[in-house]
Amino acid sequence: MITLFFKKALQDILSNRFLNTVTIVTIGLSILIVSSFALFFINTNALLNSWKKGIRVLVYLEPQATEANRLDLRYQIQQIENVQEIHFISKETALKRLKDQMRHHSSLFENLKRNPLPDAFEIRITDASRELEKVAALAEKIKSLPQVEEVEYGQHWIAKFSYIINMFKFVGYAMGGLFLIATLFIIANTIRLVLYSRKEEIEIMRLVGSNNSFIKAPFYIEGLILSALGSIAGLATLFAAYHFVLSKFHASLSIGFLEIKFLSIGQFFLFVGGSMLVGWLGCYLSLKQFLKN
Amino acid sequence: MKTADTALIRIFNVSKHYGSKPALNHITLDVFKNEFVFFTGPSGAGKSTLLKLLYLGESITEGQVLIDGMNLARISKSRAHVLRRKLGIIFQDYKLIPGKTVFQNVALVLEARGLSQRFIQKKVHSVLRTVGMEDRQRAFPLGLSGGEQQKVAVARAVVGEPKIILADEPTGSLDAEASENIFELLTTFHNRGATVLFATHDTELIRNTKHRIIYLKQGHLQV
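Reading the values: rules and limits
Residues numbered from 1 in each chain as written. Chains lettered and ligands numbered in written order. Predicted model: local features only at pLDDT ≥ 70, side-chain atom pairs only at ≥ 80, totals over all residues. Contact = placed C-beta atoms within 7 Å. Helix = DSSP H or I, 4+ residues; strand = E, 2+ residues; numbered from the N terminus. Nonpolar A, V, L, I, M, F, W, Y, C, P; charged D, E, K, R; others polar. Buried ≥ 20, exposed ≤ 12 C-beta atoms within 10 Å, placed from the backbone. Domains from an automatic or database assignment. Pairing = 2+ DSSP bridges. Axes fitted to C-alpha atoms, helices over the stretch in contact; angles between N-to-C directions. Parallel < 35°, antiparallel > 145°, perpendicular 65-115°, else oblique. Left-handed = near helix turned anticlockwise from the far one by under 90°. Expected span 1.5 Å × (residues − 1). pLDDT = per-residue confidence, 0-100. Core = buried A, V, L, I, M, F, W, Y, C linked by C-beta atoms within 7 Å.

Moving on, we come to the interface of chain A and chain B. Taken together, the 13 residues of chain A in the interface contact 16 residues of chain B. Secondary structure elements with two or more residues in the side of chain A that touches chain B: helix H8 (199–207) and helix H9 (212–253) of chain A. The element best represented in the side of chain A that touches chain B is H8(A), accounting for five residues. A breakdown of the residues in the side of chain A that touches chain B according to their chemical character gives seven nonpolar, four polar and two charged.

Another aspect to go through is unusual backbone geometry. All names here are of chain B. If you check the backbone angles, histidine 26 has positive phi at about 45° while not being a glycine. One non-glycine residue, aspartate 68, adopts positive backbone phi at about 50°. Looking at the secondary structure, you find aspartate 68 in the loop between strand S4 (62–67) and strand S5 (70–71). Assessed through the 15 C-beta atoms surrounding it within 10 Å, aspartate 68 is described here as partly exposed.

In terms of domains, chain A is made up of domain 1 (2–51 + 159–292) and domain 2 (56–153). Distance from the C-alpha centre of domain 1 of chain A to the C-alpha centre of domain 2 of chain A: 52 Å.

Moving on: the sheet that holds strand S4 (residues 148–152) of chain A. All names here are of chain A. Taken in spatial order, the four strands make up an open sheet running S2-S3-S1-S4, and their pairing is antiparallel. The open sheet terminates on both sides in strands that have one partner only, identified here as strand S2 (83–89) and S4. Averaged over all adjacent pairs, the angle separating strand axes in this sheet is 20°, with direction ignored. Across six bridges, S2 lies against strand S3 (residues 120–125) in antiparallel orientation. Residue pairing in the sheet places isoleucine 89 in a bridge with alanine 120 of S3. Strands in contact with helix H3 (residues 67–79) are strand S1 (56–61), S2, S3 and S4; relative to S2, the strand with the most contacts, it is inclined by about 165°. On the sheet, helix H6 (residues 132–143) packs against S1, S3 and S4 and is oriented at approximately 170° with respect to S4.

Time to look at the packing of helix H7 (residues 155–197) of chain A against helix H10 (residues 265–292) of chain A. All names here are of chain A. Their axes nearest at 8 Å, the elements H7 and H10 cross at an angle of 45°. With respect to their mutual orientation, H7 and H10 come out oblique. Crossing of H7 against H10: the hand is right-handed. Across the interface between the two elements, Leu180, Thr183, Leu184, Ile187, Ala188, Ile191, Arg192 and Leu195 from H7 touch Ser275, Val278, Gly279, Leu281, Gly282, Cys283, Leu285, Ser286 and Phe290 from H10. Grouping the amino acids of the contact of H7 with H10 by side-chain chemistry returns 11 nonpolar, five polar and one charged.

Here we come to H7(A). For H7(A), which comprises 43 residues, the first-to-last C-alpha distance of 61 Å matches the rise-based estimate of 63 Å (1.5 Å per residue) to within 8%. Taken together, the buried positions of H7(A) are occupied by A:Phe179, A:Thr183, A:Ile186, A:Ile187, A:Ala188, A:Thr190, A:Ile191 and A:Val194.

Let's shift gears to the confidence of the model for chain B. The pLDDT averaged across chain B works out to 92; a share of 97% of its residues lies at or above 70. Listed scores for the predicted complex are pTM 0.72 and ipTM 0.89.

Residues B:Val106, B:Val154, B:Ala155, B:Ile165, B:Leu166 and B:Leu186 are the most contacted members of the largest nonpolar core, which totals 69 residues. Among the elements that line this core, the one with the most residues is helix H3 (residues 102–111) of chain B, at seven residues. Here B:Ala155 is in contact with B:Val106, B:Val127, B:Leu128, B:Val131 and B:Met133, once residues within four sequence places are set aside. The next biggest cluster of nonpolar side chains, apart from the first, holds 19 residues, and it includes A:Ile31, A:Val34, A:Leu235 and A:Leu238.

For the rest of this paragraph, the subject is the environment of A:Arg74. All names here are of chain A. Its location among the elements puts arginine 74 in helix H3. Accessibility expressed as a C-beta count within 10 Å gives 15 for arginine 74, which makes it partly exposed. On a C-alpha basis, the gap between arginine 74 and histidine 87 in space is 8.8 Å, while along the polypeptide they are 13 residues apart.

Residues and elements named next belong to chain B. Interaxial distance between H3 and helix H5 (residues 146–158) falls to 8 Å at its minimum, and their mutual angle equals 25°. Taken together, H3 and H5 sit at an angle that is classed as roughly parallel. By crossing handedness, the relation of H3 to H5 is classed as right-handed. Every residue of H5 that contacts H3 at Val102, Asn105, Val106 and Val109 is listed here: Val152, Ala155 and Arg156. The residue inventory of the contact of H3 with H5, partitioned by class, reads five nonpolar, one polar and one charged.

See the structure below:
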């Protein structure tokens with residue numbers, strides 16, 4: 001029976017080649033746009049996570065802090081939950097590091113009368129507390145301790161980057177939703193057009209004793225085939241574009257040790273499966289309305 | 001013995017109205033197993049309407065119809081196939097699917113019942129042989145004459161071995177010879193056990209018949 005339904009669905013697809021090609025291309029474009037956003041999120045999230053892994057909290061001390069104050073502060077910080085390691089960086093060491101980093105601008109330091117940098121502690125936090133909110137809470141706790149002038153962990157640029165990613169995420173979800181609805185209507189309309197073109201045939205099928213399942217099954221298979229082909233076409237285009245962009249701009253796109261990744265096999269099948277689900281839903285809507293009349 | 005209990009089709013006080021216009025008025029009659037019944041009368045008498053009510057092509061305005069123990073009023077649209085598998089329907093305009101071959105048109109009835117392809121092949125060939133269309137099984141309906149198309153429609157109607165054959169003006173578009181052929185085919189299947197309800201306004205066909213004739217005029221039974 002399933003073979004018969006597949007045969008009928010394929011016959012339908014082949015006999016309405018133009019309509020079905022347009023449907024596959026449109027579904028492919030929708031999937032291409034949505035999956036491009038997904039690919040962008042996957043890579044920017046990986047980037048953000050790798051940055052978060054490298055987060056160090058720097059605690060700058062008041063200039064008047066004494067040796068005793070420093071030891072006391074070190075002890076207090078060590079007692080705080082999620083603090084993994086703590087290192088003292090004297091202002092002399094800090095200046096030396098700065099000079100090393102700015103070797104080509106050494107003239108800037110020539111007229112320096114006194115060391116403007118403060119003493120500091122560099123804190124490494126546990127893996128479990130690398131969420132931005134947790135780091136912020138930890139920083140707040142440290143800042144309330146005596147002799148602490150400032151706490152720094154790159155919060156400003158991480159927050160800005162997170163905000164931009166979230167904005168893109170929101171736009172991506174909205175566009176994804178819109179394209180999902182568009183795909184749904186495209187499939188529903190294609191099936192509806194086929195149904196109307198075969199209205200008389202369906203009526204005859206009913207008169208000779210066909211039940212609704214027998215009539216509906218080939219259309220569901222048709223919808224699933226169209227959406228699967230459309231999504232595979234969209235993802236294949238994305239894959240080709242990914243390889244093209246990577247081969248042309250590999251050097252400028254690679255950020256440190258981070259490799260720009262493509263969708264995993266699981267994500268690929270998730271897209272194809274999701275698209276087929278939408279295809280099935282489109283058929284369901286059309287058939288429900290059509291067979292009701 | 002023909003009693004109300006042995007009736008295959010029971011039509012009781014059935015009326016059909018299209019808006020305020022009556023098409024059938026208080027029709028009551030029984031059709032018995034293996035009976036061949038002609039429904040005749042002028043155009044607009046209600047012959048086709050009556051057959052349409054029997055295959056749920058139209059809804060009944062008033063009254064009750066029982067077919068092989070099934071009360072038509074209690075059959076939902078989604079369950080209409082249960083009744084229709086007991087029936088073989090033949091239309092004046094053949095209602096063959098143009099995109100399907102002769103074989104595929106006939107096989108559709110058995111495919112819808114989920115029967116095996118081997119059985120379908122055997123059965124369809126056998127029926128097409130009976131109606132004399134075996135050598136045209138690969139032809140498409142539009143390549144056939146009216147008489148040939150109606151033979152295919154007869155094959156489609158009988159391939160599922162229905163208890164009842166409803167023939168709605170099956171010779172209405174055919175010449176005398178083709179009409180005679182269709183009538184002979186229906187007689188063949190009647191002789192094999194089918195109950196046939198034959199709506200026609202062709203007086204030639206019923207002139208010397210031994211079968212029961214029911215006259216309808218303006219939606220009323222004429223006794």
